[in-house]
Amino acid sequence: MTALPWWRDSRKVGWLVQAAVGLGLLLVVALLLSNLEHNLTRAGLRLTLGWLNQPAGFDIAETLLPYRASDSYGRALLAGLVNTLRVVGIGLVLATGLGVVAGAASFSTNPLLRGLSRTYVEVVRNIPLLLQLVFWYFAVFLTLPPANQALQLPGLQLAKSGVYLLGARLVNGELVGGWRLSLELAALLTGLVIYSAAFIAEVVRGGIASVPKGQWEAAESLGLKPLATLRLVVLPQALRVIVPGLNSQYISLAKNSSLAVAIGYPDLYAVAETTLNQTGRGIEVFLLLMAVYLGLDLCISVLMNGLERLVSLKDR
Amino acid sequence: MTSSQLMIEARGVNKWYPNGFQALRGADLEVRRGEKVVIMGPSGSGKSTFLRTFNALEDFQGGSVVVDGIALNNDLRNIDAIRREVGMVFQQFNLFPHLSVLDNLLLAPVWVRKRPRAEVRQQALALLERVGIGPQADKFPGQLSGGQQQRVAIARALCMEPRIMLFDEPTSALDPEKVREVLDVMRQLAFDGMTMVVVTHEVGFAREVADRVVLMDEGEVVEVAPPQQFFNDPQHERTRRFLAQIL
Amino acid sequence: MSRPSLQSWRRQLFGSVPDTVLSLGLGALISWAAWGFLHWAFGQAQWLVLRANAATLTIGRYPEAQEWRLWLLLGLLVSLTGLSWGLLRGRATAAGWPLNDRIAAGLLSLLTLVVPPLLAFGGLNQLRLLFLLGLLLLLRGLAGRWLAHRWGLRLAQSWPLVWAGAYLLGLWLIGGGLGLTPVRPSDWGGLMFTLLITSLTLLLALPLGVLLALGRRSELPLLRWVSVAYIEVIRGAPLITLLFLGQNLVGFLLPGGLAPDRVWRAAAVLTGFAAAYVAEAVRGGLNAVPRGQLEASRSLGLSTAQTLGLVVLPQALKVALPALVGQCIALLQDTTLLSIIGLFDLLGIARSVLANPDWLGRYAEVYLLLAVLYWCSCSALSLGSRALEQRLSSSNLRPAHR
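Residues numbered from 1 in each chain as written. Chains lettered and ligands numbered in written order. Predicted model: local features only at pLDDT ≥ 70, side-chain atom pairs only at ≥ 80, totals over all residues. Heavy atoms only, no water.

Caption draft 1: Here's a closer look at the confidence of the model for chain B. With 98% of its residues at a pLDDT of 70 or more, chain B shows a mean pLDDT of 91. The complex prediction reports pTM at 0.86, with the ipTM value standing at 0.89. (pLDDT = per-residue confidence, 0-100.)

Quick look at the structure:
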């Protein structure tokens, strides 16, 4: 039997296509890597992580982690990471809260509340996040009055020097005590939370809508008020649909936190950018950034998958 | 009987699924030109799987299948040639919902046989008349009933001018009232001389149209006989058991 | 659903004590916010910044001497839109325009008559805009009356090619070269630049995304792994880090000295980024096509390529359309990140305007205008997608039923 030419042999075609694609990719990667090698040696940089121990020489505007300009680059990046985690952590909690309220409100019997919720979602979703962030920072927070004329809200005091929670007092024309959030952090949180909550509201709304109407009717016939029905009957069932949707929204929030660089909050990306500008170590910094963000995504996914299992187990 | 009269020659076909389950055990079948063969059997017997090996929709690991003199092996050119000559009608109709009825028929002849569109159009319209769907040529599949869709499916397969027509439970997804209109078309096709292999539960159709009836059970061909003998005087115990269930 | 009557409104708003309190409270809040906004808008806000920078915000730093090319492009786009509009809707009714068309025409006329004087466009520009409006409506009428009937079907098949040609022509008009004075991409800016980048990226990301989606579903392991790896890595990374890579590191990866313009680098990154998300949307569509379609197509003798192109992809893309439009909206919003790396998209050029000491502190006015522009574009896309969804679901794509 004469051998089949490879392009007609159904067994071989697949392998040969893969071989061709694989070879092509390998060639491209090899080319890029050789260029990389060449350009790096010309610039006097070799791929290494040793430079992380060198003194950073720049200040970071605010850090949770104690840091001074004489600390290493590694510590600077760590401080940036802690800042990112701070924003993401608080942001997730607040955004979830606001999102659940807004999502549930769209089922309210009160048309004003319904309308308000729908309007909020429709307006916020269609305006770019970055635009909202710069708006909050430049047009709102930077225009706050000085400390002695601070804006008073229940539990909050807003002034040029920052946002103070829980009882700050005026001492010699300055506000002291309580928890202080810098304007940058406050603006970032405000914009991020409002934006993310709109999307979370949609996820919640979809989840609640997925619960069959019969559930509502059964609860009503048992004498439950709407709010109690929502809390005890509908929401637990809706969670099965909501939790996977929340996963992607949380990851979005984590990634969007990198926009902090536009309003001067020193998150991981901002610190990394400064590091790059000073050391010229583009490849290493980039790889570190990717690794951290991908790691963060993974953590969130793992947590949400666990939550998903928890939510569905409870049903049985 | 010369081999040029043999449209399908399947010998000792063995098929295993990746999970180890053996779907076909040494199945044999011969179908001559112009013959109508009906394959019956309990669900899971492998009859659909066997049918689908004839146009390479299912592969097989052992044995041989020769269709119209072309061997089904790893040669892609053979597979393409066989698919051009073999028409298939599915249980779920599988019409292309984004194309009109007419375009459903035109697609393959224009793109595979490279025939001019105007010429195929004439033929397609004639075929649609033949199956009773003439006026609906410009409608879309979603607008037709199940019976109408299946008749379009038959016309679509016929438009490629196949030498053999395979039917995989063509009426199983239809409402009882619609079954008859499809069987009528198939009956007419049989009388016009088409070589047909039909997997079905329709005993009446088998009695009337089939030259031979085949029983398959657990991947094996159990019995092959003309309908008279198959239904009234089956030779095998399994055939008797199967007939007892369906008759 | 019957429209709620006045009585049912009253019942819903004030039915019980908590409801009444809520309604009054919200009502008070809304009124206070509205009053505050109006007070600011008509009292403290200084809108001059918008009038003075209207041109910059629209076309960036495009050289004034070459502006005629942009007007020409606008004229071309308007003409095509008019013709397309007529072709699309002309077949609907024989006499007079449908109600929606009349509303649209009215709105457009209102906008063209009111907004340019408000923004202090020069008299010549106002005339030009009015001329374009007239051209749009005229062509819509002519196309609807004459073209739609006679050549409707044949034109409809080649119409996308016409738009493609116009797009390429537009690129030439903007960029120059081959007879026209070249205008560097760094001089392109503003609204025009945002629209250009969005459309260009989308056009390039679509085929790439389709390839990735197909690769992800491929039976060949290498193709599958490569596609999955690409999609998951890209989706896990913040866009800004990828843009950062494009701007700073491309120089390292290319043979010595080769450094394409920053705009093209950013466009390439955006394309690669969008392609991963497009791939996921298309994958959803591909999953929705029943296996039987593939089998029927193969049994008719169609090759793999023919099956994909003629049977599977048309169905898959129709199902994926809402998700794809969602990606389009996301892409439009993502272009604002170009301002962070120093490019002059609409947001970038707005920030540079605000950096001008003449306009210090006018953040709210400028950002409000931008918010309105972006909101209108995204909402229009969103509404269009929903209308399209409804059209498609009630048409011929219902699955076969008895």
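Caption draft 2: Highlighting empty space enclosed by the protein. Applying the stated criterion across every chain yields a total of two cavities of 30 Å³ or more. Roughly 50 Å³ of volume is contained in the largest cavity. Forming the walls of the largest cavity are Arg83, Arg84, Val86, Gly87, Met88, Ala157, Met160 and Pro162 of chain B together with Ser299 and Leu300 of chain C. Counting only elements with at least two residues in the lining of the largest cavity, the list comes to helix H2 (76-85) and strand S6 (86-89) of chain B. When residues in the lining of the largest cavity are grouped by element, the largest group, three residues, is from S6 of chain B. Here the second largest cavity defines a volume of roughly 30 Å³. Taken together, Met88, Phe90, Ala153, Arg156 and Ala157 of chain B together with Ala296, Ser299 and Leu300 of chain C form the lining of the second largest cavity. Listed by contribution, the elements that provide at least two residues to the lining of the second largest cavity are helix H5 (146-158) of chain B together with helix H11 (291-299) of chain C. Among the elements that take part in the lining of the second largest cavity, H5 of chain B stands out by supplying three residues, more than any other. (1 Å grid on protein atoms, 1.4 Å probe; cavity = no way out; pocket = protein on both sides within 12 Å on 5 of 7 lines; lining within 4 Å. Points joined across faces, edges and corners; volume = space filled by probe spheres on them. Helix = DSSP H or I, 4+ residues; strand = E, 2+ residues; numbered from the N terminus.)

Caption draft 3: Geometry of the interface of chain C and chain B. With 22 residues of chain C at the contact, the number on the chain B side is 30 residues. Surface buried jointly by chain C and chain B totals about 2,400 Å² across both partners, of which 59% is contributed by carbon and sulfur atoms. On inspection of chain C and its partner chain B, the count reaches one salt bridge. Its salt-bridge partner being arginine 52 of chain B, residue glutamate 295 of chain C comes within 2.6 Å of it at the nearest N-O pair. In this structure, the connection of chain C to chain B is made through five residue pairs in polar contact (both at pLDDT 80 or more). Counting residues per element, the ones that place at least two in the side of chain C that touches chain B are H11 and helix H12 (304-334) of chain C. Sorting elements by how many residues they give to the side of chain C that touches chain B places H11 of chain C first, with seven residues. Looking at the side of chain C that touches chain B residue by residue, the class counts come to eight nonpolar, nine polar and five charged. (Contact = heavy atoms within 4.5 Å. Buried area = accessible area lost by both parts, 1.4 Å probe. Salt bridge = Lys/Arg side-chain N within 4 Å of Asp/Glu carboxyl O. Polar contact = N/O pair within 3.5 Å; in protein donor to acceptor, adjacent residues only side chain to side chain. Nonpolar A, V, L, I, M, F, W, Y, C, P; charged D, E, K, R; others polar.)

Caption draft 4: Focus on the interface of chain A and chain C. Of the residues lining the interface, 52 residues belong to chain A; the matching set on chain C comes to 52 residues. The contact between chain A and chain C buries some 4,500 Å² in all, and 74% of this surface belongs to carbon and sulfur atoms. For the chain A face of the interface with chain C, the top three residues by lost area are Gln18, Asn126 and Leu131 of chain A, together amounting to 13%. At the junction of chain A and chain C, the tally comes to one salt bridge. Across the pair glutamate 122 of chain A and arginine 386 of chain C runs a salt bridge, and its minimum N-O distance is 3.8 Å. On the surface where chain A and chain C come into contact, there are eight residue pairs in polar contact (both at pLDDT 80 or more). Going through the elements one at a time, helix H1 (10-43), helix H3 (111-125), helix H4 (129-140), helix H8 (268-279) and helix H9 (282-315) of chain A are the ones with two or more residues in the side of chain A that touches chain C. Take the side of chain A that touches chain C: its biggest share by element is 12 residues, from H1 of chain A.

Caption draft 5: View of the nonpolar core. Membership of the largest hydrophobic core comes to 163 residues, with the highest contact counts inside it found for Leu131 of chain A together with Leu338 of chain C. Counting only domains with at least three residues in this core, you end up with domain 1 (63-175) and domain 2 (185-395) of chain C. Ignoring anything within four residues of it in the chain, the contact list for leucine 338 of chain C reads Phe193, Ile197, Leu243, Ala266, Leu270, Leu343 and Asp345 of chain C. Counting residues in each nonpolar core, the second largest holds 51 residues, with Val38, Val120, Ala153 and Val179 of chain B among its members. (Core = buried A, V, L, I, M, F, W, Y, C linked by side-chain atoms within 4.5 Å. Buried < 20%, exposed > 50% of the residue type's maximum accessible area, 1.4 Å probe, protein only. Domains from an automatic or database assignment.)

Caption draft 6: Representation of the confidence of the model for chain A. Mean pLDDT for chain A: 86, with 97% of residues reaching 70 or above. No element of chain A has a lower mean pLDDT than strand S4 (residues 169-171) of chain A, which averages 74, and none a higher one than H4 of chain A, which averages 94.

Caption draft 7: The arrangement of the environment of isoleucine 242 of chain A in detail. All names here are of chain A. Mapped onto the elements of the fold, isoleucine 242 is located in helix H7 (residues 226-256). For the pair isoleucine 242 and lysine 12, spaced 230 residues apart in sequence, the C-alpha separation works out to 45 Å. Setting aside chain neighbours within four positions, we find isoleucine 242 in contact with Val203, Val204 and Gly207.

Caption draft 8: Spatial organisation of the sheet that holds strand S6 (residues 179-181) of chain A. Residues and elements named next belong to chain A. Spatially, the four strands line up as an open sheet ordered S1-S2-S3-S6, and their pairing is antiparallel. What marks the edges here is a single partner per strand, and that holds for strand S1 (151-153) and S6. Shown here is a sheet whose adjacent strand axes are inclined to one another by a mean of 20 degrees, direction ignored. Where strand S3 (residues 162-165) lies against S6, three bridges are found, and the strand directions are antiparallel. By the bridge assignment, tyrosine 164 is partnered in S6 with arginine 180. (Pairing = 2+ DSSP bridges. Axes fitted to C-alpha atoms, helices over the stretch in contact; angles between N-to-C directions.)

Caption draft 9: Fine view of the pairing of S3 of chain A. Residues and elements named next belong to chain A. Where strand S2 (residues 156-159) meets S3, four bridges bridge the pair, whose relative direction is antiparallel. Each bridged residue has a counterpart across the sheet, and for alanine 159 the counterpart in S3 is glycine 162. With antiparallel pairing between neighbouring strands as the criterion, S2 and S3 make up a hairpin whose turn holds two residues.

Caption draft 10: Fine view of the sheet that holds strand S1 (residues 6-16) of chain B. Spatially, the four strands line up as an open sheet ordered S2-S1-S4-S5 (chain B), and their pairing is antiparallel. Here the strands that pair on one side only, and so sit at the sheet edges, are strand S2 (22-32) and strand S5 (70-71) of chain B.

Caption draft 11: The arrangement of the packing of helix H3 (residues 48-59) of chain C against helix H7 (residues 190-216) of chain C in detail. All names here are of chain C. Interhelical geometry of H3 versus H7 gives an angle of 15 degrees and a closest axis separation of 2 Å. Classed by the angle they form, the pair H3 and H7 counts as roughly parallel. Every residue of H7 that contacts H3 at Thr56, Leu57, Thr58 and Ile59 is listed here: Gly190, Leu191 and Met192. Split by residue class, the contact of H3 with H7 holds four nonpolar, three polar and no charged. (Parallel < 35°, antiparallel > 145°, perpendicular 65-115°, else oblique.)

Caption draft 12: Focus on the environment of arginine 8 of chain A. Structurally, arginine 8 of chain A is set in the segment before H1. Filtering out sequence-adjacent residues up to four positions away, arginine 8 of chain A remains in contact with Asn74, Asp75, Leu76 and Arg77 of chain B.

Caption draft 13: Here's a closer look at a nonpolar patch on the surface. Residues and elements named next belong to chain C. On the surface, Leu108, Leu110, Leu111, Leu113, Val114, Val115, Leu118, Leu127 and Leu130 cluster together into a nonpolar patch covering about 800 Å² of accessible area. Contributions of two or more residues to the nonpolar patch are made by helix H5 (99-118) and helix H6 (123-175). Counting residues per element, the nonpolar patch draws most heavily on H5, at seven residues. With respect to the element layout, leucine 127 can be found in helix H6. (Patch = residues over 30% accessible without salt bridge, like charges linked within 9 Å, V, L, I, M, F, W, Y side chains within 5 Å. Areas by Shrake-Rupley, 256 points an atom, 1.4 Å probe, with all protein chains shown as cover.)

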